Amino acid sequence: MIIPLLLGLGGLWLVWGIISALFSPLRSIPGPFLSRFTDIWYLSRLVRFNFQIEHVELHRKYGPIVRLAPNRYSFADPEALKPIYGHGTDFRKSEWYSAFNVPHPYSLERWSIFSTTDPKIHAQQRKPFTNMYSMSSLISYEPYVDECADIFTQRLSEFARAGQAIDMGHWLQCFAFDVIGLITSGERYGFLDRGEDIRNIMGAIEGSTKYGVAVGIYPRLHPYFFKLLSLLPKGPPSGIHYINSFVQGKIDEFKNGHITPAKQEDDAAQTFLVKMFHRHQENPKEFTKYHIFVAAASNIAAGSDTTGIALSSILSHLVNHPRCMAALRQEIENTQSLGLLSARPTFKESQDMPYLQAVIKEAIRLHPSIALPYERIVPEGGVTICGRFFPAGTIVGINPYVEHRIKSIWGEDAEEFRPERWLTPDKEQLSLMNRHWIPFGSGSRTCLGKNVSLLEIQKLITRIVRDFDFELKEGSSKTWKTENFWFFKPKDWQVRVSIRGKGPVV
Ligand code: HEM
């Protein structure tokens with residue numbers, strides 16, 4: 001009885017797919033054959049966790065607009081960015097993002113800055129947090145980064161003395177995780193001390209992100225899958241619950257031990273939690289306990305993998321391009337000889353180093369921390385993009401990995417690591433590249449933590465490039481292994497470290 005029923009439903013679904021494909025107003029847009037009829041083709045590619053390679057190939061084969069699924073289109077055209085993500089446009093995030101949230105009935109009032117889809121609701125939700133990520137707050141977070149950089153360089157010195165190769169991607173994530181812990185709650189989680197995935201929190205973030213990437217293709221099934229997989233002791237929902245209870249635990253520990261009722265003199269120097277608890281005390285109805293949870297959870301879930309990957313990308317490009325490593329060291333030495341570089345480089349000092357800035361931008365261009373499309377939905381009335389009309393409800397998106405390789409923006413050598421492209425005197429070209437450099441997103445949903453991560457990146461890269469030499473473990477290929485599950489992560493990137501000159505200055 002069940003089998004004929006399932007076969008019947010499958011048949012109906014197939015017929016519906018074929019009819020929809022035949023009558024779609026977008027049927028002339030090219031793409032893989034199966035993508036016309038079903039989302040399964042795209043899903044099957046995503047779960048291989050290296051879609052970025054095929055994504056570039058698809059655009060080479062089919063042109064600037066490609067169908068990825070019956071109602072999903074991808075763009076590799078400089079003209080597409082502005083209509084989709086430009087300020088003032090009404091495109092909302094697609095429902096794909098909802099699979100990154102705990103669904104009802106498991107949630108009380110679950111929303112997150114990252115996954116809210118409606119632009120107006122999102123603007124209200126984001127506003128109370130922006131000043132915590134502002135430039136003035138940023139400078140006050142510098143001692144936290146320095147504290148972790150001190151421990152990180154100590155670890156590197158130990159590995160150098162032991163002649164031991166290490167998984168550098170993992171250690172850079174440990175650094176990013178401990179920094180975000182300090183900035184958020186004034187506590188280092190201890191990743192740098194132990195070098196291991198404490199309480200499997202990194203694994204939980206990875207598992208729940210992989211779940212979101214896959215299940216987001218069928219967002220209506222998310223509550224059912226979530227419920228079903230919750231029955232497994234180590235299923236992805238347990239990861240999501242785990243992250244949430246980890247964050248809540250940190251908040252509770254903080255509340256019970258550290259919170260001071262009086263506002264401290266120097267507001268900017270406080271951690272996120274201190275600032276947020278004060279805000280909550282002043283106005284508990286507008287700034288609720290859930291607001292505190294949301295910001296702390298965002299920092300932990302969005303701020304460790306991303307920054308760790310960016311640091312790996314920069315260091316790996318430098319290791320693979322000795323000429324660029326030498327040029328950066330020259331800049332560091334020049335700055336130092338002018339007395340403009342502290343032992344613990346400051347954010348301001350590293351911002352005044354143009355070659356460093358160029359290296360950072362170029363590495364993150366070629367290997368962005370996120371390498372899947374930022375999906376949006378065409379609003380009421382439809383929109384013309386790249387000369388083609390898309391009706392309301394169509395899912396459209398640009399993948400930064402693809403955008404960062406468009407030759408009409410970056411030139412014939414788009415695939416090459418050439419930091420000098422950012423030092424061009426051609427202002428128009430520079431402005432074009434800056435507009436299309438989108439590793440932190442684009443428009444109103446741009447990364448809230450961008451400055452925090454740049455603070456970490458600039459300070460740490462200057463310091464470790466000055467104090468250490470790096471080489472791939474013998475026998476390793478220059479092309480590292482990666483997994484792309486939204487976070488585009490290096491896997492087991494083995495590097496040997498040695499101390500330069502007299503060793504770390506601090
Ligand atoms: C190199 C490091 C980072 C990269 C490349 C990065 C990238 C991104 C991207 C691409 C988005 C937008 C995604 C979309 O449109 O779908 C985003 C959003 C976000 N990021 Fe980051 N991120 C980084 C670090 C951080 C850090 C350190 C934090 C927190 C301290 C953070 C917090 C957030 C939040 C809260 C959002 C949601 C913003 C919104 O929708 O209004 N990120 N990030």
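Labelled according to an unreviewed UniProt entry, the chain appears under the name Cytochrome P450, originating from Xylaria multiplex. UniProt, in the comment section headed Cofactor (unreviewed entry), describes the chain in these words: "heme".

1. Some points on the layout of surface pockets
Here the largest pocket is characterised by a volume of approximately 920 Å³. In this structure, the largest pocket is lined by 33 residues; those nearest its centre are W16, D39, P70, N71 and R220. Put simply, the parts of the chain that give the lining of the largest pocket at least two residues each are helix 1 (2-23) and strand 2 (72-75). A total of 5 residues in the lining of the largest pocket trace back to one element, the largest contributor, which is helix 1.

2. Regarding the pairing of strand 11 (residues 487-491)
Of all 5 residues in strand 11, 4 are buried; the element is thus mostly enclosed. Across 5 bridges, the pairing between strand 10 (residues 481-485) and strand 11 is antiparallel. Residue pairing across strands places K481 opposite K491, the latter belonging to strand 11. Between strand 10 and strand 11, which pair antiparallel and follow one another directly, the connecting turn spans 1 residue, one of which, W486, has a positive phi of 85°.

3. Considering the pattern of salt bridges
On inspection of all chains with the given rule, the structure shows 35 salt bridges. Across the pair K348 and D352 runs a salt bridge, and its minimum N-O distance is 2.6 Å. Each of the two residues, K348 as well as D352, counts as exposed. Among the ionic pairs, R421 bridges to D413, the shortest N-O distance being 3.0 Å.

Procedures and definitions
Residues numbered from 1 in each chain as written. Predicted model: local features only at pLDDT ≥ 70, side-chain atom pairs only at ≥ 80, totals over all residues. Heavy atoms only, no water. UniProt positions renumbered as here; feature names shortened; annotations may be inferred. 1 Å grid on protein atoms, 1.4 Å probe; cavity = no way out; pocket = protein on both sides within 12 Å on 5 of 7 lines; lining within 4 Å. Points joined across faces, edges and corners; volume = space filled by probe spheres on them. Helix = DSSP H or I, 4+ residues; strand = E, 2+ residues; numbered from the N terminus. Buried < 20%, exposed > 50% of the residue type's maximum accessible area, 1.4 Å probe, protein only. Pairing = 2+ DSSP bridges. Salt bridge = Lys/Arg side-chain N within 4 Å of Asp/Glu carboxyl O.

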